[in-house]
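One letter stands for each residue in the lines below.
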Amino acid sequence: MTLFGVLWFITVSWAFLKKDIKYMFALTLLYMTFQCDNVINIGGLSAGPQIVTSFAFIVKTLYDARIRYHRKYRLPVFSALLLVAIAAASCMVNEIFDEKVLFLIQLLLYVLCFICILICAGQLEEEVIYRTVRCITVFLLAMGIIQIITTMNLLPFKTILPFRSLLQTLFYNDTGGAGYIFFYSSRYSRIASLFQEPSYFSVFLAGAFYYFLSHISRWGENIILMCFMILELLLTTSSTGYGAFLIMGILFILANDKVKVSWKIAILTAALLGFLFMYVGFYDLLDSVIFSKLESGSGRTRTRMNHTAIAAYESSKLWGVGYKNVRGSSIVYSLLGEMGIYGMAAYIIFNAVILWPVIVHKRKGRQLSEQNMGCRFAVASAIVCQVLACPDLDLCSYWFWVYVSAAYIKTLVPMSAVKTEMRGSGRIEWRRMRRT
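In this text, all values refer to a predicted model and were calculated from it rather than measured experimentally.

### Regarding the pattern of salt bridges
Thinking step 1. All chains considered together, the criterion is met by 8 salt bridges.
Thinking step 2. Here arginine 134 ties to glutamate 221 by a salt bridge, and the two come within 3.9 Å at their closest N and O atoms. Of the two residues, arginine 134 sits in helix α6 (residues 126-151) while glutamate 221 sits in helix α10 (residues 219-235), which places them 87 residues apart along the sequence.
Thinking step 3. Aspartate 392 serves as the salt-bridge partner of lysine 324, at 3.7 Å between the closest nitrogen and oxygen. Of the two residues, lysine 324 sits in the loop between α14 (297-315) and α15 (331-359) while aspartate 392 sits in the loop between α16 (370-389) and α17 (396-407), which places them 68 residues apart along the sequence. Summarising the burial analysis for this pair, lysine 324 and aspartate 392 share the class buried.

### Comments concerning the packing of aromatic side chains
Thinking step 1. All chains considered together, the criterion is met by 28 aromatic pairs.
Thinking step 2. Each ring, one from tyrosine 210 and one from phenylalanine 245, has its centre 5.6 Å from the other, and the planes form 45 degrees; the classification is tilted. Within this pair, whereas tyrosine 210 is found in helix α9 (residues 198-213), its partner phenylalanine 245 is found in helix α11 (residues 239-255), the two being separated by 35 residues in sequence.
Thinking step 3. The class for phenylalanine 245 is partly exposed, based on a relative accessible area of 23%.
Thinking step 4. Seen from their ring centres, phenylalanine 350 and tryptophan 399 are 5.8 Å apart, and the 35 degrees between their planes marks the pair as tilted. Of this pair, phenylalanine 350 sits in helix α15 while tryptophan 399 sits in helix α17, and the two are 49 residues apart along the sequence. Per residue, the accessibility class of phenylalanine 350 equals that of tryptophan 399, and both read buried.
Thinking step 5. Taken together, the aromatic side chains of Tyr130, Phe195, Phe201, Phe204, Tyr211, Phe212, Phe400 and Trp401 make up a single cluster linked through ring pairs.

### A word on α16
Thinking step 1. With 20 residues, α16 ought to run about 28 Å at 1.5 Å a step, and its terminal C-alpha atoms sit 29 Å apart, in line with that.
Thinking step 2. Burial runs high along α16: 18 of the 20 residues are buried.

### Some remarks on the confidence of the model for the chain
Thinking step 1. The pLDDT averaged across the chain works out to 82; a share of 79% of its residues lies at or above 70.
Thinking step 2. The low-confidence segment residues 411-436 (pLDDT under 50) makes 50 contacts with residues lying over four places distant or belonging to another chain.

### Regarding the packing of helix α5 (residues 101-119) against α17
Thinking step 1. Two elements in contact, α5 and α17, have axes separated by 7 Å at closest approach and are oriented at 25 degrees. Classified by the interaxial angle, the pair formed by α5 and α17 is roughly parallel. Judged by the sense of rotation from one axis to the other, the crossing of α5 with α17 is right-handed. Judged by residue contacts, Leu107, Leu109, Tyr110, Val111, Cys113, Phe114, Ile117 and Leu118 of α5 engage Trp399, Val402, Tyr403, Ser405, Ala406 and Ala407 from α17.
Thinking step 2. Partitioning the contact of α5 with α17 into residue classes produces 13 nonpolar, 1 polar and no charged.

Criteria and cut-off values
Residues numbered from 1 in each chain as written. Predicted model: local features only at pLDDT ≥ 70, side-chain atom pairs only at ≥ 80, totals over all residues. Heavy atoms only, no water. Salt bridge = Lys/Arg side-chain N within 4 Å of Asp/Glu carboxyl O. Helix = DSSP H or I, 4+ residues; strand = E, 2+ residues; numbered from the N terminus. Buried < 20%, exposed > 50% of the residue type's maximum accessible area, 1.4 Å probe, protein only. Phe/Tyr/Trp six-rings, centres within 6.5 Å; stacked < 30°, edge-to-face > 60°. Expected span 1.5 Å × (residues − 1). pLDDT = per-residue confidence, 0-100. Contact = heavy atoms within 4.5 Å. Axes fitted to C-alpha atoms, helices over the stretch in contact; angles between N-to-C directions. Parallel < 35°, antiparallel > 145°, perpendicular 65-115°, else oblique. Left-handed = near helix turned anticlockwise from the far one by under 90°. Nonpolar A, V, L, I, M, F, W, Y, C, P; charged D, E, K, R; others polar.

Listed below in C-alpha cells is the structure:
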C-alpha cells in the first residue's frame, strides 16, 4: 500500500464507521477525481482510489445502510447492468474474457456503486449533495492552480520546501503505470488538476459549470466560482472542453424554461462576445486546439485510431472485438469497435434513462428541482465530451456525474410511496443493522 493508500484507508475507515451515509458518499465522489494516484501497487498491479472507494461504498451500503428498493428504480438498474453484461458478453464471444477481466471488474464496480447510491438516495438530502459537489469543485480548482504553478516552475518551490515531492506523494504517485502523467514533465503549461490529461479535467469542468448554472436561485453565491471554472477550462486548452461547453450552452438555453428571455439573450450575447474576443486576441490558441487540430500529430493519430475502430466494427458489427480490445478517438468509435451495435445501444439506453427526466420535466408531477436539473446537464456535458474526444467508458469524470445523478433520483420517485407500498406490491426491502 502506498503512503497515499494509508491516508486513503484512514479517511475511508472513518467514513465507513459513521452511521450517516453522507460521509461515505462525499469521499466516494472526492476520490473519483484522484486519477493520478494509486492506493495499492503490488508487483506492477495497481488500483486507483476510484475503484477501491466505489467498492467500499458498496460494502458500506450492504453492511449497515437501510436499503429500500422501489420498483420504479428497475429501469436505471436494468440499464446499468445491461451495460456490464454486454461488455462481458463481447469479451466472451471474442474469447478474451480472461485478458480483460480486470477492466470488466472495474466497470462492474462502477455500475454497482451507481446502483447502491441510487437505492440509498433517500438518505441523502439535496443540500448535502450540493455542498459536497461544491466543496469538491473548489478543491479541484485550487489544485489546478497549484498544479500549473508547479509544473511550469513559476515559483522556486524547491528552495522553500520539497513541494513537488509532497504533491507527488499525495496526488501524483502513479509514475506511469496507468498511462502518461503530465506531472513528471519538465515543463507543462496546461491545467489538468488531479486528472491524467487536461481533457479529462475539462469533462469535470464543463459538467460542473452547467451543474451550478442550473442553480439559478444561487447564481449570486456561485458567480465567482463559475468564472474560475471558465478560466481554468480555457487554460486546459482542450478542444474537447471548448466544444462541450459551447454545445451544452446552446442546449441549456433552449431547454431551461426558468431562464427569462432577456437572460437568454444576454447569455448568448456574452458567449458571442467571448468567442470574438478569443478569436481576435487568442487566434493562435484557437487555431492550435480547434481549427488545425485534424492536421496536427494528435489529429492524425486520432484518425488512425478511428480507422482501426471502424475496421474492428466491420469485422463484427453486433459484438465488436471485445471490451477494451480497441480504442477510437470518440466513445462512439470505441464502443462500436469494442462491443458493436449491442454495446452502443446499451450505452445509449443507460444515458437516456438518466437524461430522460430533463426531456419530460414539464409533465405534471415531474417538475425537477434546480439541483436535479443541474446534475442531468452535468451528465450530458460529460457525454458530449466522450462523443467529441474522450473514448473511455470507464472515464472517472463521467462516472463522477453519473454518481451525482443517482443521488438525485429520489426526487423522481415519491418517497411516500416507498414508505407505504407493501412488499407484495413490488418492493423488496432489506435491513441490515450495525453489528455490535
